[in-house]
Structures are given as structure tokens and as C-alpha cells.
Amino acid sequence: MRTPENILTDSIFLMAFAQDLMIQDLLVRLKSKGDGLRQRSKFNLNEMIKALKRASHFADELREELFDADAEHKWKNIQTWQDEANEVARLVLLWEDREPHPEVCDDIFKFIRSTQGDGVVTEEMLKNYYLIK
């Protein structure tokens, strides 16, 4: 049975894996833009690249731990983790692209809420993730 704690833990792992996919893409893109930058911009870009590589290293470590633990279950979830991490990355990128249009974001939430879920994530749980304005 899934619990809010399971959902939060799985979500954090998925976001870390998705973030690593996006970091790898960003590193390639940033490196290609490095020429022609001012000295301070180059320094900041290089520092950012170092930090992103460090984050990627820890994501690799985390992934290895997860896969090692999953090996005890005959590797049945590794493909699922990889698929879901790619889905989360696509979802975040599409969200970010559409975010300037609040009505679109509202429609996305309405659609997601209209679909069948396990009922583990409740409004009570979600209230922790609303920004109080």
C-alpha cells in the first residue's frame, strides 16, 4: 500500500533523476555558449558548470544506491524509474514553457485532478505546497 511518505520519497528520487538528465543537457548547451562571454560571465559560467557536475555526481551515487537496492528485487523497477524520470523532466520543461500563461497552468491542474489516482495525495497533503500570498 502506498503512503504519503512513499509518494514523497519516490517523487524526490524522480525529481533528482530528472534533474540530472536536465543538468547533462544544460552542461552541453552552456559549454557551447562559453565563447564570447565577458571575463566575469565566463567565471560564473565555469563555477556553475562545476556545481552542476557535482550535483550530477551525487545523482549518480543516489541512482546507484537505488539500483543496488532494486537488484534485490530482480531489477524489476529500474526501467520504470528511468521512464518516470524522463517523463518528469518532460513535464517540468513543458510546464516551464507554458507557465507564463496562468490559464494554461490552471487547465493542466484541472486535467490532472480529473484523472484516476490512488487517493494517497489528498488536499490536506497538497496544502503544504501552496504559496501563501
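Residues numbered from 1 in each chain as written. Predicted model: local features only at pLDDT ≥ 70, side-chain atom pairs only at ≥ 80, totals over all residues. Heavy atoms only, no water.

Draft legend 1. Inspection of the overall build of the protein at higher detail. The number of helices and strands found in the protein is five helices and zero strands. Each of the 133 residues in the protein was classed as buried or not, and the buried ones make up 20%. When the accessible surface of the protein is totalled, it reaches about 10700 Å², and 57% of it is carbon and sulfur. (Helix = DSSP H or I, 4+ residues; strand = E, 2+ residues; numbered from the N terminus. Buried < 20%, exposed > 50% of the residue type's maximum accessible area, 1.4 Å probe, protein only. Areas by Shrake-Rupley, 256 points an atom, 1.4 Å probe, with all protein chains shown as cover.)

Draft legend 2. Spotlight on the packing of aromatic side chains. In total, this model carries one aromatic pair according to the counting rule given. Ring geometry for W95 and F109: centres 5.4 Å apart, planes at 75 degrees, overall edge-to-face. Of this pair, W95 sits in helix α3 (residues 78-98) while F109 is found in helix α4 (residues 102-114), placing the two residues 14 residues apart along the sequence. On the basis of relative accessibility, which here comes to 45%, the residue F109 falls in the partly exposed class. (Phe/Tyr/Trp six-rings, centres within 6.5 Å; stacked < 30°, edge-to-face > 60°.)

Draft legend 3. Examining the side chain of D20 more closely. Along the chain, the position of D20 falls in helix α1 (residues 4-33). Ignoring sequence-local partners within four residues, the contact set of D20 consists of S56, A59, D60 and R63. (Contact = heavy atoms within 4.5 Å.)

Draft legend 4. Inspection of the confidence of the model for the protein at higher detail. Confidence in the prediction for the protein averages 81 pLDDT; 89% of positions are at 70 or higher. Taken element by element, the protein is modelled with least confidence in helix α2 (residues 39-71), mean pLDDT 77, and with most confidence in helix α5 (residues 123-126), mean pLDDT 92. (pLDDT = per-residue confidence, 0-100.)

Draft legend 5. Geometry of the nonpolar core. One finds L14, F17, L66, F67, I78, W81 and A85 forming the largest nonpolar core, which totals seven residues. Each residue touching L14, except ones within four places of it in the same chain, is listed here: W81, E84, A85 and V88. With six residues, the next largest nonpolar core counts L27, L30, L45 and L52 among its residues. (Core = buried A, V, L, I, M, F, W, Y, C linked by side-chain atoms within 4.5 Å.)

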